[in-house]
Amino acid sequence: MPDRFENLKNTIENKRCAVLGLGVSNLPLVKLLLGLTEPELLTVYDKKSVAQLGDEAEELAKRGVRFVCGDDWQEKVEGDVIFRSPGIRPDLPSLALAEEKGALLTSEIEKLLELTAAQTFAITGSDGKTTSTTLCGKFLEAAGMHVFVGGNIGTPLLDKCEEMIESDACVLELSSFQLMRLPHAPTHTAITNVSPNHLNWHIDFDEYVEAKKNIVGENTKRLVVNADCEITRDFGREIAESGDLLFVLALGFWRDSRRKLPERKGGLPQRRRDLHL
């Protein structure tokens, strides 16, 4: 077992693990956890019954995994390590209370970014992120890299993490739900655009925008933004001026050439050693 998985095992060893929602992203997670801890320490919380969740859930129940189901499952969440599904807000009262008691709140995508040895490439945006993520994966494959594509598209990759090596590329589409809390940011990132979206889930547009910005963190080295979108352009300027990243690239059609760039008001910073245009 690689050291990074040994670290995960140490994190959950003898701890009560709760998985919130047995969806597409969490089913591989539960199977992975079963290989690292005892079934009786693992509880799945879901609105649907075990029968409604299907054969895989019934098999997990037979293996000893505990299920808490029903409309009121959110009021019953307990655990030392809690894995939430992307669509579940991290600030639910029961989760806030669990954290106050010392529980670790995390997710499948957070653990993937923490544990993978591969180079990480992540794309978010209100529109175009699926296409951009798919193309990014194809470009990296054409460059000769072994590529894993996932996140908000395709299949979850946490159970593939053990196969990944440093020369591989892990390419992820990340939604605002997944980005609400992301302690381990990708190293190579892109934001296609930002416009009002998912406001029935987010408190307001500002929260949605801040979630998108979470794609950039302490270990991020490169950022690509859309120069035609004011929000992403301004964010790119902010990051470039901070000097925190090695490389910031703005792509768009708001300028005709580098020669005309200084004539454009509100343009991106002219420090080309930080910002490549």
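In what follows, the accompanying structure is described. (Residues numbered from 1 in each chain as written. Predicted model: local features only at pLDDT ≥ 70, side-chain atom pairs only at ≥ 80, totals over all residues. Heavy atoms only, no water.)

## Quick look at the overall build of the protein chain
- Scanning the protein chain from terminus to terminus reveals 10 helices and 12 strands.
- Relative to its full complement of 277 residues, the protein chain shows a buried share of 52%.
- When contacts within the protein chain are restricted to residue pairs at least 6 apart in sequence, long-range pairs at least 24 apart make up 67% of them.
- Per element, the accessible surface of the protein chain, about 13800 Å² overall, is 48% carbon and sulfur. (Helix = DSSP H or I, 4+ residues; strand = E, 2+ residues; numbered from the N terminus. Buried < 20%, exposed > 50% of the residue type's maximum accessible area, 1.4 Å probe, protein only. Contact = heavy atoms within 4.5 Å. Areas by Shrake-Rupley, 256 points an atom, 1.4 Å probe, with all protein chains shown as cover.)

## What about empty space enclosed by the protein?
- Within the structure shown, the criterion is met by two cavities of 30 Å³ or more.
- In this model, the largest cavity occupies a volume close to 60 Å³.
- In terms of lining residues, the largest cavity is bounded by Ser25, Asn26, Arg84, Ser85, Pro86, Ser107, Glu108, Ile109, Phe177 and Gln178.
- Counting residues per element, the ones that place at least two in the lining of the largest cavity are helix 6 (108-115) and helix 8 (176-179).
- Here the residues of the lining of the largest cavity are counted per class, giving three nonpolar, five polar and two charged. (1 Å grid on protein atoms, 1.4 Å probe; cavity = no way out; pocket = protein on both sides within 12 Å on 5 of 7 lines; lining within 4 Å. Points joined across faces, edges and corners; volume = space filled by probe spheres on them. Nonpolar A, V, L, I, M, F, W, Y, C, P; charged D, E, K, R; others polar.)

## Here's the deal with the side chain of Thr43
- Along the chain, the position of Thr43 falls in strand 2 (residues 42-46).
- At 3.4 Å, the side chain of Thr43 and the side chain of Arg66 are in polar contact.
- The residues contacting Thr43, other than those within four sequence positions of it, are Cys17, Ala18, Val19, Arg66 and Val68. (Polar contact = N/O pair within 3.5 Å; in protein donor to acceptor, adjacent residues only side chain to side chain.)

## Considering the environment of Ile239
- Considering the arrangement of structural elements, one finds Ile239 in helix 10 (residues 230-242).
- Those residues within four positions of Ile239 in sequence are excluded, and the remaining contacts are Val216, Leu223, Asp244, Leu245 and Val248.

## Focus on the pairing of strand 6 (residues 119-124)
- The element strand 6 is largely enclosed, with a buried count of five among its six residues.
- As paired strands, strand 6 and strand 8 (residues 169-173) are joined by five bridges and run parallel to one another. For Phe121, the partnering residue across the bridge sits in strand 8 and is Val171.
- Relative to strand 9 (residues 188-191), strand 6 is paired through four bridges, and the arrangement is parallel. The residue of strand 9 that forms the bridge with Thr124 is Ile191. (Pairing = 2+ DSSP bridges.)

These figures come from the coordinates and say nothing about function on their own.
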